[in-house]
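# Architecture at a glance
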Amino acid sequence: MASRALREHRAKGSSGKLLGVLAAVAILILLLGACAAGALALCAHWLQDLPDYRDPDAYALSEPTRVFASDGETLLAEFQLEWRDPVPLAQISPYVIEATVATEDERFFEHAGVDLVGIARALVNNLFGSGLEGASTITQQFVRNTVLSDEMTDISLKRKVREAYIAIQLEKIYSKEEILALYLNTINYGQGAYGIEAASQRYFSKHAADLTLEEAATLAGIPQAPSHNNPFDNYDACLNRRNAVLERMVQAGYLTQGEADVAKASPLELNPTAPSTDGIRAWPYFTSYVRDQLLDSQGGYGFSTADIFEGGFTVVTTLDVSLQEDAEAASAARLEGLADAFEVSLVAIEPHTGYVKALIGGKDYAKSQVNMATGSGGSGRQAGSSFKTFTLVTAIEQGINPATLIDAGSTAKLGDWTVSNIDKRNYGTRSIASAYHVSSNTAFARLALSVGPDKVAETAHRLGIESRLSTTGSVTLGVDSVTPIEMASAYATIANAGVHCQPECILKVTDDEGEVLVDNADPQGEQVISPEVAHAALEIMEGVITQGTGTAARLASGQPVAGKTGTSEKYKDSWFCGFTPQLSVAVWLGDRSDYASALSVPQGVSAASVFSDFMNLALKDAPVEQFFDAPAPSYLPRYVDAKYHIGTNLATNSDEEKSEEEDTKEEDEAPEPDEEAPEANPESPADPESPEPEAGPGEGEGLPESPEVPEEPTSPEAVEAPSALPE
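Residues numbered from 1 in each chain as written. Predicted model: local features only at pLDDT ≥ 70, side-chain atom pairs only at ≥ 80, totals over all residues. Heavy atoms only, no water.

Let's shift gears to the overall build of the protein. The helix and strand inventory of the protein stands at 22 helices and 20 strands. Looking at the protein as a whole, 52% of its 727 residues qualify as buried. A fraction of 72% describes how many contacts in the protein between residues 6 or more apart in sequence connect residues 24 or more apart. Total accessible area computed for the protein in this model is approximately 31700 Å², and 51% of it derives from carbon and sulfur atoms. (Helix = DSSP H or I, 4+ residues; strand = E, 2+ residues; numbered from the N terminus. Buried < 20%, exposed > 50% of the residue type's maximum accessible area, 1.4 Å probe, protein only. Contact = heavy atoms within 4.5 Å. Areas by Shrake-Rupley, 256 points an atom, 1.4 Å probe, with all protein chains shown as cover.)

Shown next as structure tokens:
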């Protein structure tokens, strides 16, 4: 039996050991506590600059801007940086949901954002298994792809802590179904497809709601490695991954083994849809024009690329689908049988609003993105005699009665500039109005020099021409490059009683929350010429259709039409610009190649016939309308310019012209031109309309100006203007 001391010693020894163990535990606890406190302090520091995850905008998906025709239904484009089309969970196949949960986060419906069980399992598998296994939940992956996307490539404990914290908070804000829908609409499925709807369309050309089990398993396997697991880049890897997903679905209880085996035995059948590289779905020349207007920093909108390609805007345009189809049909019909190089460009504008109702920029957008209607990517074309309209308006504004006689002889030697009519036809002495009807080059060269070429250019700019114009006499003959949209706009000003409305292709823009950003429902124009001047010009322009060079533009209904034809030298361009009360239309027909190599428009083919074909379709169900009325403008009682053979005592013989020009030059103290240049004596194509001076280079290059006599007109002499137009 042990002694009492021994028993006490043993007791003391035992208690000492116990105390030592307890002390060690205490010290360990203190150390762990200190570490925990330090870790908590470090984590708190990492969480200081988190994005505002409570703001729903932090998780807003990049959505396309959708562009519609004026009916608000016909989709013209979806502009986006990523191919993404978010859909609600109800529009996603249940197979997709089951395959995704089984593959990415089997315990998704059980954890609170971070799966501790999954982390432990992944740790064991990574230490003792044959491969690596991640432990990020679907919620964490969603956070990584949205609010923390800037940190996605940061492989650090800090990023994981921030990601886990936000995931836990998100689970308190959103339901599991909402988080799953957000995830499925965000994830990268390869080949530029983001979100399940885009992926479904990309690989199978169907909606996500219609995906089969095999298709759903295929897509669910891609996000692990989008560039490796997609079937276009690696078919075998995609097939193996699909089968692995099917096995995961068995393990999760979504499928029986037999169902999975049947699915695995099925071939991987794709039905791909290639994504649009520009987002344009229809009528690319018009739609690209809308896009350019939205993004033009110097224009009226100035939206950023991020606004348009990520903001989810809705844009309603002015395009009338029916009129666009009519324009396309008229264009195609007129080009049938012609060489492939020939194209039509057409712009139809509503005069009282400026709305662009139809636009054709060429025949093949895939072949050339240069928009012949707007000049985008290139420049315009020479408008020929259709530019004489601006000289006519200038003369009327200056009080010159269109009944005033003018020399329309075959050739005019105007200083260093020689101008001829077609085939050097001698139209004799006739009224300005009649010279306009037959499109006499010599008469309008004289008139332009008399009223001032700079004034003609200024009138054209006022009416709607925006291109740079020469201020020499040749401006009246249309040697400057302009576009159909400019010409349609300028002619619309005359049709609208002198009120100019800027061309407009956008009706309304709303953001992703429905807030109206742009509303062009009530456009306001500017009175740039008087109604009296516009009406006087209009009446003369009607004569081109009834008795002049534009008879091909007559309409079957008898609807009044006013307009003017135009061609460039050697028929490289054919134009018709005209209007009814409903529409102002400019048509160009030709070969867009440089002038040196462009084909000439064949005889019997003209832009005027495209106009009538289009307008007969466009107005087939519309009642006949009359043009606006206005009193005659106030004309000078008499106008004569002996130097340019306007008024009485006119000579039409070439020798008399030369002699009189020399006499006039001696008497006139106005300076001669500073620059010598060769004479322009154009060749004469076989057409009832007079030719313009030799055309210059093609699109994108400058055009030479014709030399001319001094631009300062002589003072009018007192000669009685005729009161009526000659027959």
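Still more to cover.
What follows concerns the pattern of salt bridges. Side chains carrying opposite charge are able to pair once their charged atoms draw close together. As enumerated under the stated definition, the model contains 20 salt bridges in all. For Arg291, the salt bridge identified is with Asp292, shortest N-O distance 3.3 Å. For Arg291, a relative accessible area of 18% gives the class buried. For Arg592, the salt bridge goes to Glu343, with nearest N and O atoms at 2.7 Å. On the criterion of sequence distance, the pair formed by Arg592 in the loop between strand 20 (584-591) and helix 21 (607-618) and Glu343 in strand 6 (residues 342-349) is long-range, its members being 249 residues apart. Summarising the burial analysis for this pair, Arg592 and Glu343 share the class buried. (Salt bridge = Lys/Arg side-chain N within 4 Å of Asp/Glu carboxyl O.)

This part is about the sheet that holds strand 6. The 5 strands lie next to each other as 7-6-20-19-18, forming an open sheet whose pairing is antiparallel. The open sheet has two edge strands, strand 7 (356-360) and strand 18 (562-567), and neither has a second partner. Averaged over all neighbouring strand pairs, the angle between strand axes comes to 10°, with direction disregarded. Alignment of strand 6 against strand 20, held across 8 bridges, turns out to be antiparallel. Bridge pairing in strand 20 places Phe342 opposite Asp591. Each of strand 18 and strand 19 (573-579) touches helix 20 (residues 531-547); the most contacted strand, strand 18, lies at about 60° to it. The strands touched by helix 21 are strand 6, strand 19 and strand 20; relative to strand 20, the strand with the most contacts, the crossing angle is about 135°. (Pairing = 2+ DSSP bridges. Axes fitted to C-alpha atoms, helices over the stretch in contact; angles between N-to-C directions.)

Attention now moves to the side chain of Glu343. A relative accessible area of 8% means that Glu343 is categorised as buried. Here the side chain of Glu343 touches Arg592 through a polar contact of 2.7 Å, side chain to side chain. Sequence-distant contacts of Glu343, that is, excluding residues within four places in its chain, are made with Leu335, Gly362, Lys363, Asp364, Trp588, Leu589, Gly590 and Arg592. (Polar contact = N/O pair within 3.5 Å; in protein donor to acceptor, adjacent residues only side chain to side chain.)

Counted by the stated rule, this structure contains 11 aromatic pairs. Judged by centre distance (4.7 Å) and plane angle (75°), the ring pair of Phe387 and Phe390 falls under edge-to-face. Neither residue differs from the other here; Phe387 and Phe390 are each classed as buried. Centroid distance Phe390 to Tyr491: 6.3 Å. Interplanar angle 85°. Geometry classified as edge-to-face. With Phe390 in helix 15 (residues 388-397) and Tyr491 in helix 19 (residues 484-495), this pair connects stretches of sequence that are 101 residues apart. Each of the two residues, Phe390 as well as Tyr491, counts as buried. (Phe/Tyr/Trp six-rings, centres within 6.5 Å; stacked < 30°, edge-to-face > 60°.)

Our next topic: the pairing of strand 7. A large share of strand 7 lies buried, amounting to 5 of its 5 residues. For strand 6 and strand 7, the ladder comprises 4 bridges, and the chain directions are antiparallel. Looking at the pairing, Ala348 lines up with Ala358 of strand 7. From the end of strand 6 to the start of strand 7, which pair antiparallel, there are 6 residues, and Gly354 there has a positive phi angle of about 85°.

With that out of the way, let us pick up the sheet that holds strand 5 (residues 314-317). Ordered by their spatial adjacency, 5 strands build an open sheet running 2-1-5-15-16, and the pairing between neighbours is mixed. This sheet does not close on itself; its edge strands, each paired only once, are strand 2 (75-79) and strand 16 (516-519). The sheet shows a mean angle of 15° between the axes of neighbouring strands, direction not considered. Bridging between strand 15 (residues 506-510) and strand 16 involves 3 bridges; their strand directions are antiparallel. Its bridge partner lying in strand 16, Val509 is registered against Val518. Its contacts with the sheet place helix 12 (residues 284-295) against strand 1 (65-68), strand 2, strand 5 and strand 15, and it is angled at close to 45° to strand 2.

Here we come to the nonpolar core. In terms of nonpolar packing, the biggest core is built from 127 residues, with Leu346, Phe387, Phe390, Met487 and Phe614 touching the most fellow members. If you tally residues by element for this core, the top one is helix 20, at 9 residues. Ignoring any residue separated from it by four or fewer positions in sequence, one finds Phe387 in contact with Ala460, Ile465, Leu469, Val475, Thr476, Gly478, Val482 and Met487. Membership of the second largest hydrophobic core comes to 33 residues, among which are Val96, Val101, Phe108 and Tyr189. (Core = buried A, V, L, I, M, F, W, Y, C linked by side-chain atoms within 4.5 Å.)

Mean pLDDT for the protein: 82, with 77% of residues reaching 70 or above. The model gives residues 1-32 a pLDDT under 50, and that stretch makes 3 contacts with residues more than four places away or in other chains. Low pLDDT (under 50) marks residues 651-727, which in the prediction has 207 contacts with non-local residues, meaning those over four places away or in another chain. (pLDDT = per-residue confidence, 0-100.)

Moving on, we get to the pairing of strand 15. The element strand 15 is extensively covered by neighbouring structure, given that 4 of its 5 residues are classed as buried. Joining the antiparallel neighbours strand 15 and strand 16 is a turn of 5 residues, in which Gly514 adopts a positive phi near 85°.

A few words on helix 21. Along its 12 residues, helix 21 runs 16 Å from first to last C-alpha, staying within 8% of the 16 Å computed at 1.5 Å per residue. Within helix 21, 9 of the 12 residues are buried, which leaves the element mostly enclosed by the surrounding structure. Within helix 21, burial applies to Ala607, Ala608, Ser609, Val610, Phe611, Ser612, Phe614, Met615 and Ala618. For helix 21, the secondary structure elements touched by its buried residues are helix 14 (321-335), strand 6, strand 19 and strand 20. (Expected span 1.5 Å × (residues − 1).)

You can see Gly362 is positioned in the loop between strand 7 and strand 8 (381-382). Through-space distance from the C-alpha of Gly362 to that of Pro284 is 9.8 Å; in sequence the pair is 78 residues apart. Apart from residues lying up to four places away in sequence, Gly362 is in contact with Tyr285, Glu343, Val344 and Arg592.

Attention now goes to the environment of Glu569. Secondary-structure assignment places Glu569 in the loop between strand 18 and strand 19. Classification of Glu569 by relative accessible area gives buried; the value is 1%. Along the sequence, Glu569 and Ser600 sit 31 residues apart, while their C-alpha atoms lie 9.1 Å from each other.

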